[in-house]
Each structure stands twice: as structure tokens, then as C-alpha cells.
Amino acid sequence: MIATWRPSLRRTLLTNLVAPAIVLAMVLGIGGMLLIQRVVQTVHDRLLDGSVLAIAERVGVEDGELTVDLPQVALGMLESQSHDSIYYSVTYLGELITGYKDLPLSGFDRLKAGETGHRDGAYRGKTVRIGAQARQVYGRPGLVLVAVAETVQARRVVEREMLIGLAMLEAGLISLIACLGWYAVDRGLRPLGELKQEIDARGIQGGPNLSPLDLSRVPQEALAPALAVNSLLQRLDLAIGLVRRFTADASHQMRTPLAILRTHLDLVRRLGSETPAGQSALDEVDNAINRLERLLGQLVTLARADEQNIAQPAAENVDLNEVAFNVLSERAPQAFANDIDVQFDRSDCPAVIAGNTVLIGELLANLIDNAIRYNRPGGMVLVRAVVDATTARIEVEDTGPGIPEAHRARVFERFYRIPMANGPAGSGLGLAIVKALSDRLGAQIVLAPGPEGRGLRVSVSFPLAKRDGESSS
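Parameters and conventions
Residues numbered from 1 in each chain as written. Predicted model: local features only at pLDDT ≥ 70, side-chain atom pairs only at ≥ 80, totals over all residues. Heavy atoms only, no water. Salt bridge = Lys/Arg side-chain N within 4 Å of Asp/Glu carboxyl O. Helix = DSSP H or I, 4+ residues; strand = E, 2+ residues; numbered from the N terminus. Buried < 20%, exposed > 50% of the residue type's maximum accessible area, 1.4 Å probe, protein only. Expected span 1.5 Å × (residues − 1). Bend = angle between axes of the 7 residues up to and from the residue. Polar contact = N/O pair within 3.5 Å; in protein donor to acceptor, adjacent residues only side chain to side chain. Pairing = 2+ DSSP bridges. Axes fitted to C-alpha atoms, helices over the stretch in contact; angles between N-to-C directions. Contact = heavy atoms within 4.5 Å. Parallel < 35°, antiparallel > 145°, perpendicular 65-115°, else oblique. Left-handed = near helix turned anticlockwise from the far one by under 90°. Nonpolar A, V, L, I, M, F, W, Y, C, P; charged D, E, K, R; others polar.

Novice: Quick question: what am I supposed to make of the pattern of salt bridges here?
Specialist: In a structure, side chains of opposite charge can pair up when their charged atoms sit close to one another. One pass over the full model with this rule turns up 15 salt bridges. The shortest N-O distance in the salt bridge between Arg331 and Asp369 comes to 3.6 Å. Note that Arg331 is positioned in helix α6 (residues 320–337) and Asp369 in helix α7 (residues 357–373), a separation of 38 residues in sequence. With a relative accessible area of 27%, Arg331 lands in the partly exposed category. As a salt-bridge pair, Glu397 and Arg457 come within 2.7 Å of each other at their nearest N and O atoms. With a gap of 60 residues between them, Glu397 in strand β12 (residues 391–398) and Arg457 in strand β14 (residues 456–463) connect regions that are remote in the sequence. Taking relative accessible area as the criterion, Arg457 reaches 26% and is therefore assigned partly exposed. Where salt bridges share partners, they join Asp345, Arg384, Asp388, Arg393, Glu395, Glu397 and Arg457 into one cluster.

Novice: What is the right way to look at α6 in this model?
Specialist: Side chains of residues three or four places apart in an α-helix project in the same direction, reflecting 3.6 residues per turn. Between its terminal C-alpha atoms α6 stretches 26 Å, which fits the 26 Å expected from 18 residues at 1.5 Å a residue. Maximal helix bending in α6 amounts to about 40 degrees, located at Arg331; proline Pro333 follows within four positions. Of the residues flanking the start of α6, the one acting as N-cap is Asp319, its side-chain oxygen 3.1 Å from the backbone nitrogen of Asn321. In the stretch just after α6, Asp339 is the one whose phi turns positive, near 60 degrees.

Novice: Please explain the sheet that holds strand β3 (residues 86–92) as it appears in this structure.
Specialist: The sheet built from 5 strands is open, its strands ordered β4-β3-β7-β6-β5 with antiparallel pairing. Every interior strand has two partners, whereas the edge strands, β4 (95–99) and β5 (116–123), have only one. Adjacent strand axes in the sheet meet at a mean angle of 25 degrees when their direction is disregarded. Direction of pairing for strand β6 (residues 126–136) relative to strand β7 (residues 143–151): antiparallel, over a ladder of 9 bridges. Bridged to Val128 within β7 is Thr151. Packing against the sheet, helix α1 (residues 9–56) makes contact with β3, β5, β6 and β7, and its axis sits at approximately 45 degrees to β6.

Novice: Just to check I follow, could you spell out the sheet that holds strand β11 (residues 380–387) for this structure?
Specialist: Within a sheet, each strand pairs with its neighbour through backbone hydrogen bonds, oriented either parallel or antiparallel. Read from one edge to the other, the open sheet built from 5 strands follows the order β9-β11-β12-β14-β13, with strand pairing classed as mixed. Looking along the sheet, the strands with just one partner apiece sit at the ends: β9 (341–345) and β13 (444–449). Each neighbouring strand pair of the sheet contributes to a mean axis angle of 15 degrees, computed without reference to strand direction. Where β12 lies against β14, 8 bridges are found, and the strand directions are antiparallel.

Novice: Would you explain the packing of α6 against α7 in this entry?
Specialist: The relative placement of two packed helices is expressed as an angle between their axes plus a distance between the axes. In contact at an axis separation of 9 Å, α6 and α7 are set at 40 degrees when each is read in the N-to-C sense. Taken as axis vectors, α6 and α7 run oblique relative to one another. The hand of the α6/α7 crossing is right-handed. Residues Leu320, Val323, Ala324, Val327, Leu328, Arg331, Gln334 and Ala335 of α6 pack against Thr357, Ile360, Gly361, Leu364, Ala365, Ile368, Asp369, Ile372 and Arg373 of α7. Here the contact of α6 with α7 is built from residues that sort into 11 nonpolar, 3 polar and 3 charged.

Novice: Looking at this structure, how should I read the side chain of Asn356?
Specialist: Looking at where Asn356 falls in the secondary structure, it is placed in the loop between β10 (352–355) and α7. Residue Asn356 is classed as buried on the basis of its relative accessible area, which comes to 12%. A distance of 3.1 Å separates a polar side-chain atom of Asn356 from the backbone nitrogen of Leu359.

Novice: Please explain helix α3 (residues 153–200) as it appears in this structure.
Specialist: Between its first and last C-alpha atoms α3 spans 67 Å; for 48 residues at 1.5 Å apiece the expected length is 70 Å, and the two agree. Helix geometry: α3 is bent most strongly at Arg190, by close to 40 degrees, with proline Pro191 lying one to four residues after it. Inspection of α3 places Ala154, Arg155, Glu159, Glu170, Ile174, Gly181, Val185, Leu189, Pro191 and Leu195 among the buried residues, and these make up the whole buried set.

Novice: For this particular structure, what's the right way to read unusual backbone geometry?
Specialist: Trans is the common state for peptide bonds, and a negative phi is the common state for residues other than glycine. Here Arg124, not a glycine, exhibits a phi torsion of approximately 55 degrees, which is positive. Along the chain, the position of Arg124 falls in the loop between β5 and β6. Judged by its relative accessible area of 53%, Arg124 is exposed. One non-glycine residue, Asp339, lies in positive phi territory at about 60 degrees. Along the chain, Asp339 turns up in the loop between α6 and β9.

Take a look at the structure:
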């Protein structure tokens, strides 16, 4: 298995901390090198000037001739551990008085009396630094030029030692920054390590622990992913709760039809399918199967509606006229079988909302199914689409017994059924599904009496979809 390189936050932070320090050290190193060269040059040039001055002060005229009483200190002050070579010359109008005659003195002829100059040159195959001074001697109209040259070995040794010291100092500083940076980064990331340990410590024995993580010590920069983890835990807790509730609802509601199935199948086995009692038992089995099928469909729909806090459906433009007509057409055979007349009152203008066609269809299907099931033979179900300035709504009216006002607040609870004699079999999930779907779609649902106070009118209102180019305000 080939190991893959993974980015490291600690390595990235340390690199971003040390890299600028290295660049800064390089800039300071270049500046330090230039400064060291300048300081070494200045110090040694002053020693060179002292030697030149010591010789120049001993130049005089004796018996009409220029003489030089060369002091020992004049050249002794230039001695160093590097044993540089020292050369000198004293000339007058280009004529050598004493010293080395081939010492390169070009460029010093422009010096004025008492002025000192310096230049680099080469002499006898070595690099030398030359210092010279023009001197006015009493009794002579011209200027005497005193020059002293020394090889630069001592200068280079001093520069090298100072540069090595500077490099070692910068290397030590960068190493110290890296060590302190590693410690600082490690300390800064420690809350994330503690957060990881807290997550790892949450085992699944005795049920998963999905409570929010303690973020009190998480730094601000790492708060976003930590909050995302808490949000994920919250969604997982909700999802597990939905699964548990679905399992509990299913087991609770399917127990009765399954018991009916088992009882009547036992009757068929004992009495035979050809006897009247056996035929009646088979009819009850068929009814129980239909009830179980409807219950499973309602439970699946309710579970889908409960997903609103986990994943929102994609919004699309939905025409309520079209959806209502399609759902009513699908439910027409059920209404015909129950001797119920169905009517659809289409709105004059488009009833376009931002929603989800499938969920709106399920909502209307449950409303129309309830209106048909709880109606009376020969009754009527009216579905109406209404549009006003800001909303579009669907109204479903029936001529059934209606819902007493005292029960309207509870009919949206799961498995709640209004006590009534000779009522149709049901699970009490129809309006609970409608409420869950309307909440998910952002719709408002209102229960009211039907025309002339009879039956029931259910109104579901949706905000109108924004037209193209219309901005939200």
C-alpha cells in the first residue's frame, strides 16, 4: 500500500512561522555583511591613515634635500596576527625619496595639501589597500606624497570571523524560533486534540452519545469545524430519533391488523374457506391487509415528512391548479366507490408557488382521502384553488360530520382520533401527515366549518413564487 502525503496543520503553521523568519534572517544577513565590511574597512583605514601620518610628519628638508626619518611605530601599528605585508613610499613630484618605487600610486596625484585618500590595488600579485597623503614641506613648492600599502589578509580574517558569528547567531535565532513555534503551535492545537479525545471516548456501548461537544476551550479559528461537528451530531440525533419513532409507530399500529390477520387465518384453517364463516374470515383478512397497506403508506409518508430538519427538498415552481387536478383525478375512483361527488374549482389566474411537487401532492392526497373517507354517502368534496395578492391556497371542503372545535387543536397529533360511533377505520395519521408536510413546505393550515356550518373546510396557504426579476425585500 502506497502511503499518501497528508497535509498537516501543525506543519503548515510552523512553516508559515519559520519561513518569514528565514527570509528576514537572510535580509538581515546581507545587511549585516555589508555593515561588517564597512566597519572593518573603516577601522583598518584609520590605522592605515595613522601610519601615513606618522611618516608624513617625519618628512623634512636637510641641506636642501628632502629627508625622511622613518619611525618604527609608523609601520608597527599595522602589524597583525595575519602577518600582512606592508609597503611604503615617499615621492616628490614623481621622484622616489624612499620606499618601494613600483608601488601603484595612480589616482593620488589629485590630492590637495593635507588631504588623505584610499584605494584598492594589486602589488606583487597580492591585493593591497593603499592610503596616501599629500604633504606641503617648508621650502619646497611641490607636494610630497606619502603612501603606505598593506595586504588585506587581516581584514578578510576579521570579516570572516564576524560573518561566521553573525551566521551562527541567526541560525541559533531561527532554531529558537522553530522550537518556540513548535511549542506554541502544539499548545495552540491542544484543544483540538482534547476535542478528538472527547469524540473518541464516546463509544456506542449503552447507546451512542450524540450530545453536543463542549466547545468552551476550542479556539476561535477552529470553531467553524467544531460547530459543524455539533451540527452533524444534532442531525444524527434527530435522524436516530426519527427512526426510533417510526419503529415505535409501526410496531404499535401494525400490531392490531396483524392480530386480526392471525385470528381470521386460524378461523379459515379450522372452518375451511368454502364455509360462510370461512368466507367472512377471508373478507376480514382482505380488509386487514388493505388497512395494513394504507397504514404502511401513511407511516412512510410521515417518515418522509419528518426529514425536514435533515434535508430540505429542492424548491421548484409548482402550479397548485395542476397538482390539485391530478391528485383529484387519482382519487376519483375512491370517491365513486364511496358514492361521493367530487368537484374542482380552478383559480382564474396561475397559482404558482415555490415548493415541491411530490410533497404537495402527498399533502393534497391525504386531505382528499380524509374528506372522502369521513364523508356521508351522497356527499360532496370540493377542491378549490384561490390566489390573492401574496398567497395561493388550496381549500378542501366536505359535507361530512366535520371536526368539533374542541378537537381541532389535537387532530394534528399522531394517532389521535375523534371519538365517534360507526366511524370509518383509521389510524389517526392523516392530518398529522398534512401538518408535517405543511410545516416542511412553509405553508399555513387552517381548519374551519364548511358551508353553512356543516362539514369541514381545510385551507392550506403558500407564499406566491417570485416573478423573474423580482427582488426580495
